[in-house]
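Working through the structure, step by step
Given next are the chains, with one letter for each unit.
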Amino acid sequence: MPDAADRASEHEEALRAMALKRVLSVPTARGRNDCIDCGEEIPEARRAADPSTVTCIDCQRDRERPAR
């Protein structure tokens, strides 16, 4: 026979599962057609590879390059 702690734990687990399902059902952010850094058009191949991209490959490379 489950006690109050068991029921509370089961309830919390169910709430977490519902919350996770809700979060995972939200569509990902859409990217842009133009780079937010330089304004140039982001090539279709890059947008297809990463639909949420907001920078062109050159600007993204600059962002990821370590500062000197």
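As a starting point, this report considers the structure included with it.

Scoring rules and cut-offs
- Note on numbering: residues in each chain are counted from 1, in written sequence order.
- Local features in a predicted model are, by the rule used here, given only for residues with pLDDT of at least 70; side-chain atom pairs are given and counted only at 80 or more, and totals for whole chains, interfaces and linings are based on all residues.
- Excluding hydrogens and water, the side-chain values take into account all heavy atoms of the structure.
- Comment: elements are numbered from the N terminus, with helices defined as DSSP H or I runs of at least four residues and strands as E runs of at least two.
- Throughout, radius of gyration means the C-alpha value; the globule benchmark is 2.2 Å times the number of residues raised to the power 0.38.
- A simple rule labels every residue: compare its accessible area, found with a 1.4 Å probe on the protein chains alone, to the largest value its type can have, and call it buried under 20%, exposed over 50%, or partly exposed in between.
- The contact criterion used throughout is that any non-hydrogen atoms of two residues lie within 4.5 Å.
- None of His or the chain ends enter the tally, which takes Lys and Arg as positive and Asp and Glu as negative.
- The atom standing in for a charge is NZ when the residue is Lys, CZ when it is Arg, CG when it is Asp and CD when it is Glu.
- Surface patches are defined over residues having more than 30% relative accessible area and no salt bridge, joining like charges when they lie within 9 Å and nonpolar side chains (Val, Leu, Ile, Met, Phe, Trp, Tyr) when within 5 Å.
- We get accessible surface area from the Shrake-Rupley algorithm with a probe of 1.4 Å; when it comes to residues, only the shown protein chains can shield them.
- The term salt bridge refers to a side-chain nitrogen of Lys or Arg lying within 4 Å of a carboxyl oxygen of Asp or Glu.

In this section: the overall build of the chain. Helices and strands together make up the secondary structure of the chain, namely three helices and zero strands. From first element to last, N terminus to C terminus, the chain shows the α and β order α-α-α. Here the C-alpha atoms of the chain give a radius of gyration of 21 Å, more than 25% beyond the 11 Å that 2.2 N^0.38 yields for 68 residues. In terms of overall dimensions, the chain has a C-alpha envelope of 65 × 30 × 15 Å along the principal axes. The proportion of buried residues among the 68 residues of the chain is 12%. Contacts spanning at least 24 positions in sequence make up 7% of the contacts within the chain whose residues lie at least 6 apart. Across the chain, the mean location of the 12 positive side-chain charges is 3 Å away from that of the 14 negative side-chain charges.

There is a patch of nonpolar side chains on the surface, built from Leu20, Val23 and Leu24 and spanning about 330 Å² of accessible area. When you line up the elements, valine 23 lands in helix α1 (residues 4-24).

Glancing now at a negative patch on the surface. A cluster of acidic residues, Asp3, Asp6, Glu10 and Glu13, forms a negative patch at the surface. Among the structural elements, aspartate 6 can be located in helix α1.

This part covers the pattern of salt bridges. Close approach of charged atoms allows side chains with opposite charge to pair. Per the stated rule, a full pass over the model turns up six salt bridges. Across the pair arginine 61 and aspartate 58 runs a salt bridge whose closest N-O atoms are separated by 3.1 Å. With a gap of three residues between them, arginine 61 and aspartate 58 both fall in helix α3 (residues 57-64), about one helical turn apart. A residue is classified by how much of its surface remains accessible, and aspartate 58, at 45% relative accessible area, is partly exposed.

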